[in-house]
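Coordinate inspection notes
Now for the letters of each chain:
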Amino acid sequence: MPLVVYEPLIFYTFPYYSCTTHSVSSISTALPEIPFKSTLHFYLNGKPKIVKKPDPEAILIDYIRNSAHLAGTKLGCAEGGCGACTVTVAEFDHDLKRVTYKALNSCIVPLISVEGKHLITVEGIGQLENDSLHPTQERIAKFHGSQCGFCTPGIVMSLYSLLRNNSTPSKEQISEAFDGNLCRCTGYMPIIDAAYTFAIENQPECGSQPGCAKVNCCRNGKSAAEVVKQVADFKLEAVCAKGVDCCRNKPESNGTAHSNETDMNALFTPNGLPLKPYAPQLDLPFPKVLQSREATPVLYGNGHKMWIKPTTKQQLLEILYVYPHAKLVGGASEVQVEVKLKNADYKLNVYCNDIAELKSWKFTNGGLEIGANISLSDLEMICENLAHTMGHAGQIYGALAQQFKFFAGRQIRNAATPAGAIVTASPISDLNPILVAGGCHLIVESFAGNVKTFALRDFFVGYRKTLLEPGYIITKIFIPQTAPGAFIHAYKQSKRKDDDIAIVTACLQVELDDARIVKDACLVYGGMAALTVESPKAQAFLRDRKFDEKATLEGTFHHLELDFPLGFGVPGGMASYRKTLTLSFFYKFFNYVLQSLEMPFEADSLAEVTRGKPEGKRDIVNPFETEIVGKSNPHLAALRQVTGEAVYASDISPQFNELCAIPVLLTKAHAKILSVDWLAALEVDTVEGYLDINDLPSKLANLWGVNPAGMEEFFADTHVYYYGQTIGVVLATDPERAREAARLVKVEYEDLTAVISIEDAIDQSSYFADNRVTEKGDWEAAFAGSKHVFENTSRIGAQEHFYFETQGCLVIPEEDGELKVYASTQNPTETQEYAAHITGVPSSKVVVRVKRLGGGFGGKETRSVCWSSLAALGAKKFKRPVRMFLSRSDDMLVAGQRHPFLMKWKIGLDESLRFTGLDATLYANAGWSMDLTRGVVDRAVFHAANAYHIPNARLEGIPCKTNTASNTAFRGFGGPQGMFMAETIVVDVAERLGVDPDLIRERNYYDLAAGQTTTYKQLVSDDYSVPDIVAQNKEEANFDGLRNEISEFNRNHKWVKRGLAHVPTMFGIAFGVTFLNQGGALIHIHQDGSVLVSHGGTEMGQGLHTKMAMIAAEELNVPLLGVFISETSTQSVANTSATAASASSDLNGMAVKDACDQLNERLRPIREKLGPGASMANIAKTAYLERVNLSANGFYKTPDIGYEWGVPNPKPAFSYYTQGSAICTVEVDTLTGDWTCLEAHVKMDIGRPINQAIDYGQIEGAFVQGMGLFTLEQSLWLRHNGALFTRGPGAYKIPGFRDVPQVFNISMLKNRDFKHLKTIRRSKGIGEPPLFLGCCVLFAIRNALDAARREHGIAGGSRGLPLISPLTTDRIRGFVGDTISGYGEVVPKDGERDFFVEA
Ligand SMILES: Cc1cc2nc3c(=O)[nH]c(=O)nc-3n(C[C@H](O)[C@H](O)[C@H](O)COP(=O)(O)OP(=O)(O)OC[C@H]3O[C@@H](n4cnc5c(N)ncnc54)[C@H](O)[C@@H]3O)c2cc1C
Ligand code: FES
Ligand code: FES
């Protein structure tokens, strides 16, 4: 059987080393004909740059951040998968005679690629300081499109790049422009809303042409008639009616292009804030000098790496003749990933993407001939146009255009090339199956004048192996038009629709004669073998057979099964899904051909689930608005975030004498450590030292963990307990060398058995000894008296935080042993305490400062502490500043995740469907240490009944000990897992009894009049609002109407099914540990009347500082802008609780108010003396002169809570509940498992919001994050070694722009006054509670599956399907229950297990 791989990242390490060392002089001597220069010339943000000694190891982002010192461009993943590093690169296209603008991932493209171009970063387009904000920046900020802000510069630059090419794009084009950007905070909707303000649909006609109408407007670029004309003569004109003469295409033009100035003056944000008009002519001009500049070959490098940039094909061939093993680099989207993630070390690199001959294209001899290094974006546009105009013959171009829509993100497509895809020969390439099935060929050339032609179908010869010989390059690819009688179509299925690597990809072609007999067939698949492969048996079967017959279809299925005999444990997993997809794709293709032949076909099977253009409403009216509090002010740092001026820990300038610290991570899941040898690491250039357990003052100093008792090791001691545990730290001045050195540390192990999953832990009784049980009433008696008793198991997987800014810090040692720690942490106090603990320095000498975090979501509540402590140890030992930031891959490997849970339950119901009793055991995968697991399990137990009354209950939470990284806090902190159990119980019971799940819900809501209590005996008070929220939400969403529409739809569709679901939530607010429910603040009023507020919470995008400033401003009666919050510092407010538990506004807000109250009291006499109109400047100055203390320290502790386990009548666990309801509809392509959320209506009880827009941002962001948790995000571990496989955006998919519900409406509970709330301004915590509502999408999909299964004759519908999350595309497809999935099913042989494990 062939090696079969599913390869987002099988971390193979290849012998990529080209050992020979070259130098500038040796290469210049060997290539005397080529007139190399060794400097780089380009423009950066409108200014000329000459880089005299370019760093050959620097990629573009390294230059931007480290040499140009422009920190606005962020590094999120370093693998092209998140878009945080997006920049715009402009160049003059001499053929088109216009400037083109491309969004590119600066973490991928090499520095040499900007030679002769104009590089534009977020700083170049607008800055806050001189009020030069670009409209893209301003609108994203004012529409609340920036929360933590780490993704924001990249998003701004994607939008900017689009607008530079087309100033009035369509909504569709806007959505596409973002397909290479991710955001983990916002839920995308506000960004989309902001971007839509530029859309043609939102503009009046420009009126420049007679009959101008929006979609046909010249500014839209392409009217239907124009497209045809353009393609017919193969001119890709500029977007303005003036074509190449458009002022925007002219370098340094003053421009007379359309300005929509007057139109846009009328445009406002949802909050009524006016917006700057967009005047394209004011955008940065293209430098004239670059237009006429002659391209010159470049050569530079050092002992580690060399770069050559030839400017002609001839030069390139000559270089390869002399250096046949030099590494050719096109878009670098493969090469750079190999360098960064797979440790490839290419010494001699030749950049070949700027050679005109390799980028040209023409239509000739019945086909499209393209230069091998044309960008995929350009090829996409050409193919789109050809497909539009060529009819039948253009089918192959249509297949390519269709596939490109889902091929990587825009930034990658702007750089990547067909040659790169072909030579990479990835088994899951999306392009290669089309080139094979389409009968394409390629031309390779060598310096000696040898020209060879290869059919693509012969070119791939093994795993990542082709027939390309050293010294040859691919120069052209020929893509023939589709022959008469031939039919071709491409398919792809991945985890996420946009920007994801395929699970299975295919291109299928048949050629039929007039009698519909198959003359030829080429069925090509990716993801089914070690290379792109044809299906020999199925193809042979099809030949000479009448196509349009059932027997042909069935026979092809059978032969495809024979072609792809995947075993259950196949590398990459998902054997059944992959097999089923090969058949499903063929089924779709079969119907596609029938449709083309105008024969009866199943229209449904052709449907592609479309993501549409999301739209949404926020009911932004806040009846509780006062002077400042309650208003929807944008996040106070938003304007700095959109310009790249906001500073994160990693942006702090390099310090004198700084060291970079790289952890050495162990590569066994469970083993005894026999020896460690790190001497080789010290030999590496620029390495200054090594840290390990021997540097600690005592063995006790090696232990840390959650207050009060720490049991986790900073450094592995005698054993390794998870793959990725730290054994040491390398310190060097050069980060690259530090990484190289870390790889040289040798460890010998003795293997021990590893426990990875909860199931393994239960089998082996691997638990932490700290179970907790809540008991209420007599549940056993209740079961005995129940009408119905059901038992089942629910399971929910892990979730990666995927905060955009990875874990990291900078520690600076100062005089007298002081340590200044700049950390990306939610927990300054523990950061301080453990830095003190590990170094032996008193806490009073350690200051932790946190300006802001690029996202946290709980992942930096405790897990950040170990890195800052290690950096502090290094700073103390070497007496030098130490900077330690984890790579995305290491961060995901070591930082832990949301706890997976397996929940075994038994439920009783009476005849009126009221719950009588519940007995449940909740097993959580804690990982190797407890960390916060105690609290997470407690909260899961508390929330396991969600919003329902259960009179008798026993709930037990058990933390399982496994050999994975320690799982930790994640938004919701066990609550979503517990509530998932409750909702799976509701749905399971409803399916078993054949009733509507909402009937069960309604019967079991709390009855306030009856004085009912939760399962943990907390009295449910008039704070309980779930039934009201649900009623309002159902009415506003037209729930009954949706249900009818969906039933109607499902009656008329066989393969596409829709589903509907509703879910409530009831989330308790307060820290589970009582002592954490305290907050502090320190306020100084200065003599000029300005107010400096410090409080205990950190700003991580959730708008906490904005809310605190609003409270202080209103309480002190000063304007909002008169209040400043600089940072969170242990020097200002000490002994803080972590910013977590959705309680930070409550705790710190009250502390701020307390400080304000004290100040107001002291200022009262002065106010009375000066009169009501006195300014704060006047009041403060007077107070100072009268020796009144203008500083106050506020404090707050939450009253009336303090649950104690095991106490018969405990105090309340929570001070109130944030409640909500979601209603969702989905559409599912049951042939592939692909789906989209059509509508989501989310209504929350948020009390009286302090800032409604910020709260709504939290709701949207949390909902989308929750949707990811329950449907898309799947953490997987490799079974053979226990390593986390899903590391980085390539392998781990968070929702993207196109995953946003197509209709996304947010509202708040109405008709309540919330007078019962004792919280700050009667507001409610909102950060975590809406996340759980994302599971509504899962239940809507289950509802659609119910219809699908009934369609296929399964009478019980979804009854009996596993109660499992995430409901991924492969699971969905496997649950459809049709005959095709039956054919595709792979049954494990004895002892055969899945390639991956879910922990
Ligand atoms: C974030 C991300 C997402 C991606 N998503 C997808 C996806 O959805 N689908 C998919 O199929 N792929 C995807 N890829 C893979 C990759 O983008 C493609 O394989 C791409 O086409 C590679 O092109 P490139 O120009 O960037 O190649 P490079 O990285 O520059 O080069 C790749 C190989 O091609 C060689 N090469 C380049 N030009 C020539 C030439 N003219 N002659 C001979 N050899 C040459 C290089 O030496 C190298 O060995 C993704 C990659 C990334 C980083
Ligand atoms: S940092 Fe470049 S794409 Fe993520
Ligand atoms: S605002 Fe997008 S990742 Fe935080």
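Calculation criteria
- Residues numbered from 1 in each chain as written.
- Chains lettered and ligands numbered in written order.
- Predicted model: local features only at pLDDT ≥ 70, side-chain atom pairs only at ≥ 80, totals over all residues.
- Heavy atoms only, no water.
- Near = heavy atom within 4 Å.
- Polar contact = N/O pair within 3.5 Å; in protein donor to acceptor, adjacent residues only side chain to side chain.
- Areas by Shrake-Rupley, 256 points an atom, 1.4 Å probe, with all protein chains shown as cover.
- Helix = DSSP H or I, 4+ residues; strand = E, 2+ residues; numbered from the N terminus.
- Nonpolar A, V, L, I, M, F, W, Y, C, P; charged D, E, K, R; others polar.
- UniProt positions renumbered as here; feature names shortened; annotations may be inferred.
- Contact = heavy atoms within 4.5 Å.
- Salt bridge = Lys/Arg side-chain N within 4 Å of Asp/Glu carboxyl O.
- Buried < 20%, exposed > 50% of the residue type's maximum accessible area, 1.4 Å probe, protein only.
- Phe/Tyr/Trp six-rings, centres within 6.5 Å; stacked < 30°, edge-to-face > 60°.
- Pairing = 2+ DSSP bridges.
- pLDDT = per-residue confidence, 0-100.
- Axes fitted to C-alpha atoms, helices over the stretch in contact; angles between N-to-C directions.

So, about the site of ligand 1. In the region of ligand 1, 32 residues are neighbours, and L328, G330, S333, T417 and D430 sit closest. Residue A332 places a main-chain N or O atom 2.8 Å away from an oxygen atom belonging to ligand 1. Between A408 and ligand 1, the recorded distance is 2.9 Å, taken from a backbone N or O atom to an oxygen atom. When ligand 1 sits alone it has 990 Å² of accessible area, and the protein chains cover 93% of it. Elements represented by at least two residues in the shell around ligand 1 include exactly strand 8 (327-329), helix 12 (335-341), helix 16 (418-424) and strand 16 (472-480). Residues that form the shell around ligand 1 fall into these classes: 17 nonpolar, nine polar and six charged.

A few words now on the UniProt feature "binding site: FAD" (unreviewed entry) in the protein. Sites flagged by UniProt as "binding site: FAD" (unreviewed entry) map to L328, V329, G330, G331, A332, S333, E334, V335, F407, D430 and K492. Annotated residues spanning 165 residues; largest pairwise C-alpha distance 28.4 Å, indicating distribution over more than one region. Within the secondary structure, G331 sits in the loop between strand 8 and helix 12. For G331, the contacting residues outside a window of four places in its chain are I108, V109, N353, A415, A416 and T417.

Moving on to the pattern of salt bridges. Scanning the entire structure with this criterion turns up 89 salt bridges. D651 is the salt-bridge partner of K74, the closest N and O atoms lying 2.6 Å from each other. Of the two residues, K74 sits in the loop between helix 2 (60-67) and strand 3 (86-93) while D651 sits in the loop between helix 23 (638-643) and strand 22 (659-665), which places them 577 residues apart along the sequence. The same class applies to K74 and to D651, which are both buried.

Further remarks concern the environment of K37. The residue K37 is located in the loop between helix 1 (24-30) and strand 1 (40-44) in this model. Distance in space between the C-alpha atoms of K37 and I308 is 9.9 Å, their sequence separation being 271 residues. Beyond its immediate stretch of four places on either side in the chain, K37 contacts E115, R293, T296, P297, V298 and L299. A distance of 3.1 Å separates a polar atom in the side chain of K37 from the backbone oxygen of T39.

We now examine the packing of aromatic side chains. Counted under the stated rule, the structure contains 46 aromatic pairs. Considering the side-chain rings of F942 and Y1203, the 4.9 Å spacing of their centres and the 80 degrees angle between planes classify their relative orientation as edge-to-face. Of this pair, F942 sits in helix 31 (residues 933-942) while Y1203 sits in the loop between strand 44 (1191-1197) and strand 45 (1216-1229), and the two are 261 residues apart along the sequence. Across the pair, exposure class does not vary: F942 and Y1203 are buried alike.

Attention shifts here to the sheet that holds strand 27 (residues 719-720). Sheet strands associate in pairs through backbone hydrogen bonding, adopting either a parallel or an antiparallel arrangement. Across the sheet, which stays open at both edges, the three strands sit in the order 27-23-29 with antiparallel pairing between neighbours. The strands lining the two open edges of the sheet, one partner per strand, are strand 27 and strand 29 (746-751). Across two bridges, strand 23 (residues 671-677) lies against strand 27 in antiparallel orientation. When the sheet's bridge partners are listed, A671 is paired in strand 27 with V720.

Moving on, we come to the UniProt feature "binding site: substrate" (unreviewed entry) in the protein. The positions that UniProt labels "binding site: substrate" (unreviewed entry) are, in the present scheme, E861, R939 and F973. Since its relative accessible area comes to 8%, E861 is described here as buried. Filtering out sequence-adjacent residues up to four positions away, E861 remains in contact with Q826, N827, L932, A969, F973, A1138 and A1140. Mapping R939 onto the fold places it in helix 31. In this structure R939 comes out as buried when scored by relative accessible area, which is 5%. Residues in contact with R939, not counting those within four places in the same chain, are G972, F973, G974, G975, F1067, G1068, A1070 and F1214.

What follows concerns the pairing of strand 36 (residues 901-909). Both faces of the sheet carry side chains from a regular strand, because those side chains alternate between them. Within strand 36, seven of the nine residues are buried, leaving the element largely enclosed by the surrounding structure. Inspection of the sheet shows strand 31 (residues 788-796) paired to strand 36 by nine bridges, in the antiparallel sense. Considered in strand 36, the bridge of R795 is made with L902. Two strands pair when backbone bridges link them, and strand 36 and strand 37 (residues 915-927) are joined in this way by nine bridges, in the antiparallel orientation. Residue pairing for strand 37: M903 is matched across the bridge by L922.

What follows concerns the confidence of the model for the protein. In regions of low pLDDT, the predicted coordinates are not meant to be interpreted in detail. Confidence in the prediction of the protein, expressed as mean pLDDT, is 92, and 94% of residues score 70 or more. Throughout residues 1-19 the model reports pLDDT below 50, and contacts reaching past four residues in sequence, or to other chains, amount to 66 contacts.

Attention shifts here to the sheet that holds strand 28 (residues 726-732). Pairing in this open sheet of eight strands is mixed, and the strands run 24-28-22-35-32-33-34-43 from one edge to the other. Every other strand in the sheet has two partners, leaving strand 24 (687-691) and strand 43 (1128-1129) as the edge strands with one partner each. Where strand 22 and strand 35 (residues 882-885) come together, two bridges link them in parallel fashion. Pairing of L659 across the sheet is with V882, part of strand 35. Across the face of the sheet, helix 25 (residues 735-744) comes into contact with strand 22, strand 24 and strand 28 while running at roughly 25 degrees to strand 22. Along the sheet, helix 28 (residues 828-839) makes contact with strand 33 (819-823), strand 34 (846-850) and strand 43, crossing strand 34 at roughly 145 degrees.

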